[in-house]
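# Working through the structure, step by step
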Amino acid sequence: VANPCDYYRLKNKKEPAFETRYPSDVMTTLPEPNLPTLDKLNVTIPSDLDAKAIAKAWFSSFATAAEAGDAQGVAKLFVEDAYWRDMLALTWDFRTFSGLENITQFLVDRLGSARPSAFTIRDDAYLGLQQPYPDLAWINLFFDFETPVGIAFGIARLIPNSNGEWKAHTVYTNLEDLKGFPEKIGHLRNQNPNHGKWVDDRRREVEFADKSPVVLIVGGGQSGLEVAARLKALDVSTLVIEKNARIGDNWRNRYGALCLHDPVCEKIIHLLSLLVHP
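Just so it is clear, the model here is predicted, and its values are computed rather than measured. (Residues numbered from 1 in each chain as written. Predicted model: local features only at pLDDT ≥ 70, side-chain atom pairs only at ≥ 80, totals over all residues. Heavy atoms only, no water.)

Looking now at unusual backbone geometry. Although it is not a glycine, Asn 42 sits at a positive phi angle of roughly 60°. Take Asn 42: it is sitting in the loop between α4 (38–41) and α5 (51–67). The backbone of Trp 92 sits at a positive phi, close to 55°, despite the residue not being glycine. You can see Trp 92 is positioned in the loop between β1 (78–87) and β2 (94–98). (Helix = DSSP H or I, 4+ residues; strand = E, 2+ residues; numbered from the N terminus.)

Further remarks concern a nonpolar patch on the surface. A surface patch of nonpolar side chains, amounting to about 360 Å² of accessible area, comprises Leu 216, Val 218, Leu 239 and Ile 241. Sorting the residues of the nonpolar patch by element identifies β8 (215–218) and β9 (238–241) as the ones contributing at least two each. With respect to the helices and strands, the residue Val 218 is situated in strand β8. Assessed through its relative accessible area of 68%, Val 218 is described here as exposed. (Patch = residues over 30% accessible without salt bridge, like charges linked within 9 Å, V, L, I, M, F, W, Y side chains within 5 Å. Areas by Shrake-Rupley, 256 points an atom, 1.4 Å probe, with all protein chains shown as cover. Salt bridge = Lys/Arg side-chain N within 4 Å of Asp/Glu carboxyl O. Buried < 20%, exposed > 50% of the residue type's maximum accessible area, 1.4 Å probe, protein only.)

Moving on, we come to the environment of Leu 107. As for its placement among the helices and strands, Leu 107 is situated in helix α7 (residues 100–114). Taking C-alpha positions, Leu 107 is 8.2 Å from Asp 70, a pair spaced 37 residues apart along the chain. Residues in contact with Leu 107, not counting those within four places in the same chain, are Ala 71, Val 74, Ala 75 and Trp 84. (Contact = heavy atoms within 4.5 Å.)

This is the structure:
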């Protein structure tokens, strides 16, 4: 099940569509998501909880340990069955680390070389307690930080423990921008007149006649093309290689037409806005 909270909502009969979307013969083969419900945690949420104070105290410890390269100091702020999802910010890869042991090893391997710093918490409407269901609650916080090469963003969700402590159950970190590579828009756009030479300029670009690629993208599918478009906007020379005969064959060879499976509002493709089209 792609969305554990969706599973939880439907299974608890919040919507009658549970049996339709998840038939009994399918459900017998799928494990129920291990959500940190209050019942499993053996805790209750006090009515006078100061969620913002808890979030800021946790984040202060998290930022101090991370900037110091203290892997054990960061790890002790997580529960045993925690998750950390990193997208390029600390690993230069899309990685998910499951369980405290794996998260600790990831921190040992990467904190020293990634050198995150300048941590700041966002004191906004998303900072605080979120309780989508009576027995499912967490403290949510957004934060910003930097590495020597980039600007990054993060999200953390803290859950209560039976001893009264709040620790991280999930953390997400994402690289937002590369330092020294501003997007070529506005006054940074190429101001030289083209005079109809676009075709020749494009040929030289494809042939890498003037400079060699500095980034190699393996796979010309949707994700590969989005990364290439983003890097081009940052003026980073990029080569995309694809095993199929044509770009888009990974769709053509499977589907009769290109159709996105998710709602349009969830499909934000760089340099291609789908939201303005019907």
